[in-house]
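# Understanding the architecture of this molecule
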Amino acid sequence: MSIEDCKQIILDNFRDIKLEKDYAQLQLSLFQVEELISHYEKLIDLQKEIQSKHYLAIKHMEDIDLLDDYDYVNWHQNRESEISSWQHELAILTEYKHHINKIIQDIEDGTAAKKLAEREKEFIK
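Residues numbered from 1 in each chain as written. Predicted model: local features only at pLDDT ≥ 70, side-chain atom pairs only at ≥ 80, totals over all residues. Heavy atoms only, no water.

What follows covers the packing of helix α1 (residues 3–63) against helix α3 (residues 111–124). For the pair α1 and α3, the least separation of the axes is 11 Å and the interaxial angle reads 135°. One way to sum up the angle between α1 and α3 is to call them oblique. Note that α1 runs across α3; the crossing there is right-handed. For the pair formed by α1 and α3, the contact residues are L11, R15, K18 and L19 on the first element and A112, A113, L116, A117, E120 and I124 on the second. In the contact of α1 with α3, the residues fall into seven nonpolar, no polar and three charged. (Axes fitted to C-alpha atoms, helices over the stretch in contact; angles between N-to-C directions. Helix = DSSP H or I, 4+ residues; strand = E, 2+ residues; numbered from the N terminus. Parallel < 35°, antiparallel > 145°, perpendicular 65-115°, else oblique. Left-handed = near helix turned anticlockwise from the far one by under 90°. Contact = heavy atoms within 4.5 Å. Nonpolar A, V, L, I, M, F, W, Y, C, P; charged D, E, K, R; others polar.)

The following block contains the structure:
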């Protein structure tokens, strides 16, 4: 076995180790992002449920003359602002998830290994 063959074996092993490490880190990141997405979806649903119940409670208190001049517009704007912020954050997390999935797919189908090998050739020259 030549020195060049040994060098190639070492490079191949290091590349495999790097990809395995990257893959494990990406799997953890994907789990964390998916968990966050799930929490945001539940948060948005819960906020909508709370908003509905809040409205009914305020309406009832007005009907029995416990409240008057409740600022529905301000209340509604605040709730819509919250939901909008959470939906924006959810959209960002969903983009992260798609990006992570793309990288994982590149590792699984060998695309990432090929790209690394090409970069190694440029570096070694």
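Evaluated as defined, the whole model comprises nine salt bridges. Two residues, K53 and E49, come together in a salt bridge whose shortest N-O distance is 3.1 Å. Pair noted here: K53 and E49 are both in helix α1, with a separation of four residues, about one helical turn. In this structure K53 comes out as exposed when scored by relative accessible area, which is 51%. Among the ionic pairs, K102 bridges to D106, the shortest N-O distance being 2.7 Å. Here K102 pairs with D106, and both are found in helix α2 (residues 72–108), just four residues apart, close to one helical turn. D106 sits in the buried class, given a relative accessible area of 10%. (Salt bridge = Lys/Arg side-chain N within 4 Å of Asp/Glu carboxyl O. Buried < 20%, exposed > 50% of the residue type's maximum accessible area, 1.4 Å probe, protein only.)

To continue, consider unusual backbone geometry. Although it is not a glycine, D65 adopts a positive phi angle of roughly 60°. Tracing the backbone through its elements, the reader meets D65 in the loop between α1 and α2. One non-glycine residue, D69, adopts positive backbone phi at about 60°. With respect to the helices and strands, the residue D69 is situated in the loop between α1 and α2. We classify D69 as exposed; its relative accessible area is 74%.

Residues I10, F14 and I17 make up a contiguous nonpolar surface patch of roughly 330 Å² in combined accessible area. Locating I10 in the fold gives a position in helix α1. Taking the relative accessible area as the measure of exposure, I10 reaches 46% and is therefore partly exposed. (Patch = residues over 30% accessible without salt bridge, like charges linked within 9 Å, V, L, I, M, F, W, Y side chains within 5 Å. Areas by Shrake-Rupley, 256 points an atom, 1.4 Å probe, with all protein chains shown as cover.)

For α3, with 14 residues, the first-to-last C-alpha span of 20 Å sits near the 20 Å given by 1.5 Å per residue. Where α3 is concerned, the buried positions are A112, L116, A117 and E120. The arc that holds every buried residue of α3, seen down its axis, measures 135°, which confines them to one face. Residues of α3 that are exposed and point over 90 degrees away from its buried face: K114, K121 and E122. Where the residues of α3 are buried, they touch α1 and α2. (Expected span 1.5 Å × (residues − 1). Arc of directions from axis to C-beta.)

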